[in-house]
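Here are the chains, one letter per residue:
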Amino acid sequence: MSEPVTLTIDGKEVTVPLGTTIYQAAQQAGIDIPIICYHPHLTANGLCRICSVEVKGWRVQAAACVTPCADGMEVHTRSEDVICGRRTILELLASTVNLEEAPEILALLKEYKADPERFAEGEQRTAPLYDDNPFYIRDYNQCINCWRCVQVCAEDAQYTFALTFNGRGFHTQIGTFMGLPMPDTTCVFCGQCVGVCPTGALKPKRQALLEQGLDPDEIFRQTRRKRKQRQNA
Amino acid sequence: MNESNKPIDLSLLQPVLQKYEGQQRDALLPLLHEAQAIYGWLPREVQEAIGRTLHVPLAEIHGVIEFYTMFYNQPTARRVIRVCEDPACQLRGAQTVMRALERELGLTHGQTSADGAVTYEHVPCLGMCEHAPCALNGDKPAGNLTPELISAFLAGTHPEPSARVYGGPFYMLGRVGKVNPVSLADYEAHGGYRALKKAVAQTPEEVITAVEQSRIVGRGGAMFPTGRKWRFTRAAAGAVKHIVVNADESEPGTFKDRVLLEEDPFAVVEAATLAGYAVGAERGWIFVRGEYPRAFARLQTAVQQARAAGYLGRNVLGKAGFHFDIKVRLGAGAYICGEETALFEAIEGKRGFPRIKPPFPTTHGLFQQPTAINNVETLVAALVAFDMGVTAWRQHGTEQSPGTKLFCLSGHVTRPGVYEVPFGLTVRELIEMAGGVKDGRSLQAILMGGAAGVFITPDSLDMPLTYEDARATGVPLGSGVIMLFDETADLRHTLYQLAHFFAHESCGKCFPCQLGTQRQMEILHRITHNGGVRAGDRQALLDIGLTMTETSLCGLGQTAASAILSALKQWPELVPEDIA
Ligand SMILES: Cc1cc2nc3c(=O)[nH]c(=O)nc-3n(C[C@H](O)[C@H](O)[C@H](O)COP(=O)(O)O)c2cc1C
Ligand code: SF4
Ligand code: SF4
Ligand code: FES
Ligand code: FES
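Residues numbered from 1 in each chain as written. Chains lettered and ligands numbered in written order. Predicted model: local features only at pLDDT ≥ 70, side-chain atom pairs only at ≥ 80, totals over all residues. Heavy atoms only, no water.

Draft legend 1. A look at the overall build of chain B. Per the secondary structure count, chain B includes 24 helices and 15 strands. Judged by the C-alpha coordinates and their principal axes, chain B covers about 75 × 65 × 45 Å. Within chain B, buried positions represent 63% of all 580 residues. When contacts within chain B are restricted to residue pairs at least 6 apart in sequence, long-range pairs at least 24 apart make up 71% of them. Accessible area of chain B: about 19,900 Å², with a carbon and sulfur share of 51%. (Helix = DSSP H or I, 4+ residues; strand = E, 2+ residues; numbered from the N terminus. Buried < 20%, exposed > 50% of the residue type's maximum accessible area, 1.4 Å probe, protein only. Contact = heavy atoms within 4.5 Å. Areas by Shrake-Rupley, 256 points an atom, 1.4 Å probe, with all protein chains shown as cover.)

Written out as structure tokens, the structure is:
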């Protein structure tokens, strides 16, 4: 164990190796901190901020998943402001995209008594459904901008660089070079993006068709035809 | 034929591509700028050619173009008219100018004329608030516009505005208006390069100690002691170190750096070189916001002349082993790129997403190498203080805040402009120096520190302008913005404008700011222009404000509710708690 540091989380003393994040230390201590964007195998970018906690003496809260522990730190994971921040982030998210197929986030909405209708008068982030290849569909109406797909497509795994961002701010959406359909990009259909998507925004085509009530034979016919078209193209 | 239908002639791009052959990703923004200067926008074929030249994936190029508002991947005219839509201009008649322009051009925001000759846009603060209302006609700035001046403006015959500087004693502004900004000889004749010569006769440690003793703290907003920043960077491990000049000045209401950059660009170059000597950095960068074409051109000229005269390059001033050179980089429309780590990303040719800190720039800055990044005014203050000596510098201002400071007065003030004054004047004294409230009206509110700052009431006018008072009262000096609103100003509308600014400029990286700035803007828009206050609005604004302030990843989100929350506190009636 490299140099140990000792801190308290909600009054509980925890000793961890230097470089451990507050989130990891809390896990070790059996204290629950919610996460949305964090994925243990991917670069943590501190995007969703749902894991924010109070650290005594700090100007603002700290995102637990990206903040390393320091000796003597006093962390509070359940203060009034922390709860207000989490609830508000969840309400903002629920007013922006369709979370129907994101069970972990739906559970958090319940836990934090977030009102999904609170900001319902606001603009939603919408997009057409992209059904442009035989392997997966992209429904960014369900996308929370967690970056996981972009990351696995780039330096976190595949080095394919097929995915990127459109716009910025509220109007940031995942996209491709000049909006090209996936088969015209550098995509190699490795499926890793589909595997890490937490919200059902990326979904195997097979699954999507099953959900639409098609029987497996029909699905095979449809995806095979598309595969052929692609070969002829 | 409509310009957008013309086939793209890639041969026009070849000479530019050749120039960039073998360069890396950090050449992306400059190359996109040069390509766009040829075509007016960045068609797919052009992006593909750029990707091949710099070996950057096409998806990444697309993401970069999508991030910066001044890069276009849809047909756009080579000449873009950009009219400022932010508060200082609106307080001085921007709306009527916009309407007149729209009538004259037959275009609304975001449209390009049918012949493809001109594109019309409403844009955030152009950093010329002392000339409000103002606009850019291509690269040509124009100020104090009225509907009557529109045709001269469009014809390019309306004269470019010149510097309005007031106050005194003038140290940082000493050469403004007196020196020819594109002449090294004239700069030298006005005391230029005296400080650098003095510095190289000392050790770098001695220079840092002098800067520490002059007690200069960062003037970009974060108030970090400059000498300490230089010391940390000097001490950081790493063979390659950088000095970065933050000339992104985009905080609404701020225009002080522009005056230094345009009127005394050699001082900025000399100051960066002095910092390079102190820190032991060989590479310098000046990152200028895309809306400052005049500053960009003058800085490039200054760097060339300085290099030719041996003030930049190897063994500067003949001092063996003192190597330092500067690259000037142009932004492309993104307030967030003033945030130091986002600025590094922009220089590196990426979307301007702020990084998580720590690690800090002093150890992991540009290209992950040790970097001292400073605001333009900070560096010029350090240059001036070093030149005149610590004792003389500390004769001005207060014990804790020695020397002079630049303030940007705008809005309903008689003489808007950049004021150089010693620390310690009160807000009232400064406003009196500026001739008081315009047209003798009475004062309603003052915005201190910019869009990211706070509102104060006329009751607080006796607050001294020092860092110690700023820390004690929580009223930030920020970038020196003092914007006046008289009794006629519609503060609700101003709050909406500020909210609109942050929603427009949020980078979209973290959820609370990406989503919160949008909802904050929507609520204030409805309150002001579409139905009024509803039950729950106040609490919603407070919750969004708390969440953005406490949990956002960077300073933009952390201050995106600051002015609005301060206004709700000072004037509860703007968004009352109980709705009948
Ligand atoms: C959203 C945002 C925008 C900023 N814009 C600027 C800017 O335009 N110019 C600037 O000097 N500092 C700006 N800053 C502050 C910089 O991050 C950084 O603190 C500063 O460049 C350090 O220089 P200083 O110590 O000399 O002030 C900004 C910060 C944030 C969070
Ligand atoms: S598509 Fe899925 S993985 Fe990609 S950013 Fe959206 S939610 Fe995350
Ligand atoms: S606070 Fe706003 S500007 Fe800063 S990282 Fe988050 S989204 Fe981007
Ligand atoms: S889980 Fe920590 S920021 Fe998303
Ligand atoms: S230039 Fe218009 S508000 Fe600053």
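Draft legend 2. Molecular detail of the pairing of strand β1 (residues 79–84) of chain B. Residues and elements named next belong to chain B. Counted residue by residue, β1 has 5 buried out of 6 residues, so it is predominantly covered. Alignment of β1 against strand β3 (residues 118–123), held across 6 bridges, turns out to be parallel. Across the sheet, Arg79 pairs through a bridge with Val118, a residue of β3. Looking at chain direction, β1 and strand β4 (residues 135–137) are connected through 3 bridges and run antiparallel. Bridge assignment links Val83 to a residue of β4, and that residue is Ala135. (Pairing = 2+ DSSP bridges.)

Draft legend 3. Examining the interface of chain A and chain B more closely. At the junction of the two partners, chain A supplies 47 residues and chain B supplies 49 residues. Of the roughly 4,100 Å² buried between chain A and chain B on both sides combined, carbon and sulfur atoms contribute 60%. Considering only the side of chain A, the residues that lose the most area to chain B are Arg168, Phe177 and Met178 of chain A, jointly responsible for 20% of the buried surface there. Taken together, the connections running from chain A to chain B amount to 4 salt bridges. As a salt-bridge pair, Glu505 of chain B and Arg168 of chain A come within 3.0 Å of each other at their nearest N and O atoms. Mapped by element, the contributors of at least two residues to the side of chain A that touches chain B are α2 (80–94) and β8 (164–166) of chain A. When residues of the side of chain A that touches chain B are assigned to their parent elements, the largest contribution, 8 residues, is made by α2 of chain A. Its residues assigned to classes, the side of chain A that touches chain B comprises 20 nonpolar, 18 polar and 9 charged. (Buried area = accessible area lost by both parts, 1.4 Å probe. Salt bridge = Lys/Arg side-chain N within 4 Å of Asp/Glu carboxyl O. Nonpolar A, V, L, I, M, F, W, Y, C, P; charged D, E, K, R; others polar.)

Draft legend 4. Summary view of the pattern of salt bridges. Applying the stated criterion across every chain yields a total of 44 salt bridges over all chains. Between Arg118 of chain A and Glu91 of chain A there is a salt bridge; the shortest N-O distance is 3.0 Å. In this pair, Arg118 of chain A sits in the loop between α3 (103–111) and β6 (129–130) while Glu91 of chain A sits in helix α2, placing the two residues 27 residues apart along the sequence. Residue Arg118 of chain A is classed as partly exposed on the basis of its relative accessible area of 26%. Its relative accessible area of 3% is what places Glu91 of chain A among the buried residues. Several salt bridges share partner residues, and in doing so they unite Glu130, Lys140, Glu160, Arg258, Glu262 and Arg294 of chain B into one network.

Draft legend 5. Spatial organisation of the side chain of Thr77 of chain A. Residues and elements named next belong to chain A. With respect to the secondary-structure elements, Thr77 resides in the loop between β5 (74–76) and α2. We classify Thr77 as buried; its relative accessible area is 0%. Among the polar contacts made by the side chain of Thr77, one reaches the side chain of Asp10 at a distance of 2.6 Å. When near neighbours in sequence (up to four residues on either side) are disregarded, Thr77 contacts Ile9, Asp10, Ile31, Ile33, Val53, Val82 and Arg86. (Polar contact = N/O pair within 3.5 Å; in protein donor to acceptor, adjacent residues only side chain to side chain.)

Draft legend 6. Fine view of the packing of aromatic side chains. Counting across every chain of the model gives 23 aromatic pairs over all chains. With 5.3 Å between their ring centres and 75° between their planes, Phe501 of chain B and Phe502 of chain B make a pair best called edge-to-face. Three or more aromatic residues joined by ring pairs form one cluster here, namely Trp147 and Phe165 of chain A together with Phe67, Tyr68, Phe71 and Phe353 of chain B. One residue, Arg168 of chain A, lies across the ring of Phe67 of chain B, its end atom 5.7 Å from the ring centre. Between the NZ or CZ atom of Arg289 of chain B and the centre of the ring of Tyr292 of chain B, over which it lies, the distance is 5.3 Å. (Phe/Tyr/Trp six-rings, centres within 6.5 Å; stacked < 30°, edge-to-face > 60°. Lys NZ or Arg CZ within 6 Å of the ring centre and 35° of its normal.)

Draft legend 7. Representation of the nonpolar core in the model. Residue and element names in this part refer to chain B. With 198 residues, the main nonpolar core has Ile50, Tyr68, Trp230, Ile286 and Phe455 as its most contacted residues. A per-element tally of this core places helix α13 (residues 265–279) first, with 11 residues. In this view, Ile50 contacts Leu17, Leu28, Leu31, Leu32, Ala35 and Ile61; residues no more than four positions away in its chain are not counted. Within the second largest apolar cluster, 27 residues are counted, among which are Leu409, Leu430, Ile431 and Val437. (Core = buried A, V, L, I, M, F, W, Y, C linked by side-chain atoms within 4.5 Å.)

Draft legend 8. Inspection of the site of ligand 3 at higher detail. Neighbouring residues of ligand 3: 13 residues in total, closest Cys507, Cys510, Cys513, Cys554 and Gly557 of chain B. Residues that form the shell around ligand 3 fall into these classes: 8 nonpolar, 4 polar and 1 charged. (Near = heavy atom within 4 Å.)

Draft legend 9. Region of interest: helix α6 (residues 94–105) of chain B. Residue and element names in this part refer to chain B. The end-to-end C-alpha distance of α6, which contains 12 residues, comes to 16 Å, matching closely the 16 Å that a straight helix rising 1.5 Å per residue would cover. Turning to α6, its buried residues number three or more, namely Ala94, Val97, Met98, Ala100 and Leu101. An end-on view of α6 places all buried positions within 165° of arc, on one side of the element. Considering only its buried residues, α6 is in contact with β1, α5 (87–90), β3 and α7 (150–155). Just beyond α6, the residue with positive phi is Gly106, at close to 65°. (Expected span 1.5 Å × (residues − 1). Arc of directions from axis to C-beta.)

Draft legend 10. Looking closely at the domain arrangement of chain A. Residues and elements named next belong to chain A. Each domain of chain A was delimited in the assignment, giving domain 1 (4–78) and domain 2 (129–232). The centre of domain 1, based on its C-alpha atoms, is set 33 Å off from the matching centre of domain 2. Counting residues at the interface gives 8 residues for domain 1, matched by 9 residues for domain 2. The junction of domain 1 with domain 2 conceals about 720 Å² of combined surface from both sides, 57% of it contributed by carbon and sulfur atoms. Taken as a group, Ile36, Leu42 and Leu47 account for 54% of the area that domain 1 buries against domain 2, more than any other trio of residues on that side. Between the two partners, domain 1 and domain 2, sit 6 residue pairs in polar contact (both at pLDDT 80 or more). The class makeup of the residues in the side of domain 1 that touches domain 2 is 5 nonpolar, 3 polar and no charged. (Domains from an automatic or database assignment.)

Draft legend 11. Representation of the sheet that holds strand β2 (residues 12–17) of chain A within the structure. All names here are of chain A. Taken in spatial order, the 5 strands line up as β2-β1-β5-β3-β4 in an open sheet, and their pairing is mixed. Edge positions in the open sheet fall to β2 and β4 (62–63), since each of these has one partner strand only. Pairing analysis gives 2 bridges linking strand β3 (residues 52–55) to β4, with the strands arranged antiparallel. By the bridge assignment for β4, Val53 is matched with Ala62. On the sheet, α2 packs against β3 and β5 and is oriented at approximately 160° with respect to β3. (Axes fitted to C-alpha atoms, helices over the stretch in contact; angles between N-to-C directions.)

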